[in-house]
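Residue strings, one per chain:
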Amino acid sequence: MSAQLIDGKAAAARVLAEVGADVAVLKARGIEPALAVVLVGDDPASQVYVRNKVLRANEVGIRSLEYRLGADASAEAVLEVVAGLNADASVNGILVQLPLPAHIDETRVLQAIDPAKDVDGFHSENVGGLSQGRPVLTPCTPAGCMRLLRDTLGDLSGKHAVVVGRSNIVGKPMAALLLAANCSVTVLHSRSVKPEKLCGQADIVVAAVGRPRMIGADWIKPGAVVIDVGINRIEENGRSRLVGDVDFDAVLPVASAITPVPGGVGPMTIAMLMHNTLLAARQQHGLSAQE
Ligand SMILES: Nc1nc2c(c(=O)[nH]1)N[C@@H](CN(C=O)c1ccc(C(=O)N[C@@H](CCC(=O)O)C(=O)O)cc1)CN2
């Protein structure tokens, strides 16, 4: 048997269509949501992601503002841009593209963003709110994984979910969201003992370690749903290609459903960013999620 392919591009298109319709309703009430994207340096992948964020924003009717600073920009220069955006009431969402150049303290910059405009959900106010189950802005990649899981499985209550990786951007918020959805959650990391045994008990596996094809068929319980967050560029047979953290070909016959790389979780990250920007705009105008 072969697993069902979870189509992230199609799911992202659905989210974007919903957001576009809701943005049109807001605009009819005189509110134009706006997203500011800050890019520091010249990392080629970051340039592509920022370009795609601006494109998607324009497609759904969200006004976009782009701020580009050189790789040698000081932390103070970045903080000055963030402070200006915090103070600008016409800007609803602020995103600083990661990674930042090594000389800039990421935490200092992320903590400077107004939590109400923190559409990445990385500010400690939003991180804390998420772990307390408050309705806060939630990191885009884990929020996208949750959409894919709910589309595939419906109610997640009582499922045993294993998250492989404990990064602040994906692993930890992913675990908090799965817990909030009433899953029993295990987080595996580099010091876990016999991780393949623990992972092999999971109904849901979310792989976010950044190691190409680390998770093989022996890590997966037959029938498990596998969400692969990894985006690793490798050289193979003389050409460059993207692969996930999961050995896709080996796991395909074992899992019941699996995300491909590319075309799985990646497109959902940007779709959920648009969702968060809409949410932030509504909240800043005192509107509920339904209005
Ligand atoms: N401030 C942030 N920085 C970063 C985030 C983030 O959520 N906020 N996440 C990643 C990068 N990222 C968005 O910023 C991102 C990564 C991948 C994709 C995507 O669509 N990937 C495609 C493949 C793209 C390719 O060919 O290279 C896919 O998986 O199909 C979108 C967004 C780190 N930084």
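Fair warning: this is a prediction, and the values are worked out from it, not measured in the lab.

Thresholds applied
Residues numbered from 1 in each chain as written. Predicted model: local features only at pLDDT ≥ 70, side-chain atom pairs only at ≥ 80, totals over all residues. Heavy atoms only, no water. Domains from an automatic or database assignment. pLDDT = per-residue confidence, 0-100. UniProt positions renumbered as here; feature names shortened; annotations may be inferred. Helix = DSSP H or I, 4+ residues; strand = E, 2+ residues; numbered from the N terminus. Near = heavy atom within 4 Å. Polar contact = N/O pair within 3.5 Å; in protein donor to acceptor, adjacent residues only side chain to side chain. Nonpolar A, V, L, I, M, F, W, Y, C, P; charged D, E, K, R; others polar. Axes fitted to C-alpha atoms, helices over the stretch in contact; angles between N-to-C directions. Parallel < 35°, antiparallel > 145°, perpendicular 65-115°, else oblique. Left-handed = near helix turned anticlockwise from the far one by under 90°. Contact = heavy atoms within 4.5 Å. Salt bridge = Lys/Arg side-chain N within 4 Å of Asp/Glu carboxyl O. Buried < 20%, exposed > 50% of the residue type's maximum accessible area, 1.4 Å probe, protein only. 1 Å grid on protein atoms, 1.4 Å probe; cavity = no way out; pocket = protein on both sides within 12 Å on 5 of 7 lines; lining within 4 Å.

Undergrad: Could you clarify how one ought to interpret the domain arrangement of the protein in this entry?
TA: Size of an interface: often given as the accessible area lost when the parts come together. On domain assignment, one finds that the protein holds domain 1 (29-121) and domain 2 (140-267). Computed from C-alpha coordinates alone, the two centres of domain 1 and domain 2 are separated by 28 Å.

Undergrad: Looking at this structure, I do not really get the confidence of the model for the protein. What am I missing?
TA: Detailed reading of the predicted coordinates is not advisable wherever pLDDT falls low. Considering every residue of the protein, the mean pLDDT works out to 97; 99% of them sit at 70 or more. Prediction confidence for the complex, expressed as pTM and ipTM, is 0.97 and 0.97 respectively.

Undergrad: Looking at this structure, how should I read the UniProt feature "domain: Tetrahydrofolate dehydrogenase/cyclohydrolase catalytic" (unreviewed entry) in the protein?
TA: Taking the UniProt record as the reference, the feature "domain: Tetrahydrofolate dehydrogenase/cyclohydrolase catalytic" (unreviewed entry) is found at residues 6-120. Taken as a whole, residues 6-120 contains 50% helix and 16% strand, while its terminal C-alpha atoms sit 24 Å from one another.

Undergrad: Looking at this structure, I do not really get unusual backbone geometry. What am I missing?
TA: Trans is the prevailing form of peptide bonds, just as negative phi is the prevailing case for residues other than glycine. Residue Pro 99 follows Leu 98 across a cis peptide bond; omega there is 5 degrees. On the secondary structure map, Pro 99 appears in the loop between strand S4 (93-96) and helix H4 (106-112). The peptide bond linking Val 261 to Pro 262 adopts the cis configuration, its omega dihedral lying at 0 degrees. Tracing the backbone through its elements, the reader meets Pro 262 in the loop between strand S11 (257-258) and helix H10 (265-284). For Asn 237, which is not glycine, the phi torsion reads 50 degrees and is therefore positive. Inspection of the secondary structure assignment puts Asn 237 in the loop between strand S9 (232-236) and strand S10 (239-243).

Undergrad: Just checking my understanding: could you explain the site of the ligand for this structure?
TA: Around the ligand sit 16 residues, and of these Lys 53, Val 96, Leu 98, Asp 120 and Gly 263 come closest. Take Val 96: an N or O atom from its main chain is 2.9 Å from a nitrogen atom of the ligand. Here an oxygen atom of the ligand sits 3.4 Å away from a polar atom, N or O, in the main chain of Pro 267. Sorting the residues of the shell around the ligand by element identifies helix H2 (44-60), S4 and H10 as the ones contributing at least two each. For the shell around the ligand, the element with the most residues is H10, which contributes four residues. Class assignment for the residues of the shell around the ligand results in ten nonpolar, four polar and two charged. Three or more residues apiece are contributed to the shell around the ligand by two domains, here domain 1 (29-121) and domain 2 (140-267).

Undergrad: Quick question: what am I supposed to make of the packing of H2 against H10 here?
TA: The geometry of a pair of packed helices is captured by two quantities: the angle between their axes and the separation between those axes. At a minimum axis separation of 10 Å, H2 and H10 run at an interaxial angle of 50 degrees. Here H10 runs oblique to H2, going by the angle between their axes. Crossing geometry of H2 relative to H10 is assigned as right-handed. Within the contact between the two elements, H2 uses Tyr 49, Asn 52, Lys 53, Arg 56, Ala 57 and Val 60 and H10 uses Ile 270, Leu 273 and Met 274. For the contact of H2 with H10, the residue count by class is six nonpolar, one polar and two charged.

Undergrad: Got a minute to help me understand the pattern of salt bridges in this structure?
TA: Pairing between side chains becomes possible if they bear opposite charge and their charged atoms approach one another. One pass over the structure, following the stated rule, counts eleven salt bridges. For Glu 125, the salt bridge is made with Arg 134, and the minimal N-O distance between the two is 3.7 Å. Exposure remark for Arg 134: the relative accessible area of 38% places this residue in the partly exposed category. Ionic pairing is found between Glu 236 and Arg 241, a salt bridge with its closest N-O pair at 3.0 Å. Exposure remark for Glu 236: the relative accessible area of 22% places this residue in the partly exposed category. Residue class for Arg 241 comes out partly exposed when judged on its relative accessible area of 31%. Ionic contacts of the salt-bridge type, sharing partners, join the residues Arg 213, Glu 236 and Arg 241 into one network.

Undergrad: Would you mind showing me how to read the side chain of Thr 138 here?
TA: Structurally, Thr 138 can be placed in the loop between helix H5 (124-131) and helix H6 (140-153). Among residues more than four places away in sequence, those in contact with Thr 138 are Asp 120, Gly 121, Leu 130, Ala 143, Leu 177 and Asn 276.

Undergrad: When you look at the UniProt feature "binding site: NADP(+)" (unreviewed entry) in the protein in this model, what are you seeing that I'm missing?
TA: When the UniProt feature table is mapped to this numbering, "binding site: NADP(+)" (unreviewed entry) covers Gly 165, Arg 166, Ser 167 and Ile 231. Those annotated residues lining the largest pocket are, specifically, Ser 167 and Ile 231. Mapping Arg 166 onto the fold places it in the loop between strand S5 (160-164) and helix H7 (171-180). When near neighbours in sequence (up to four residues on either side) are disregarded, Arg 166 contacts Gly 171, Lys 172, Val 187, His 189, Ser 190 and Arg 191. Inspection of the secondary structure puts Ile 231 in the loop between strand S8 (225-228) and S9.

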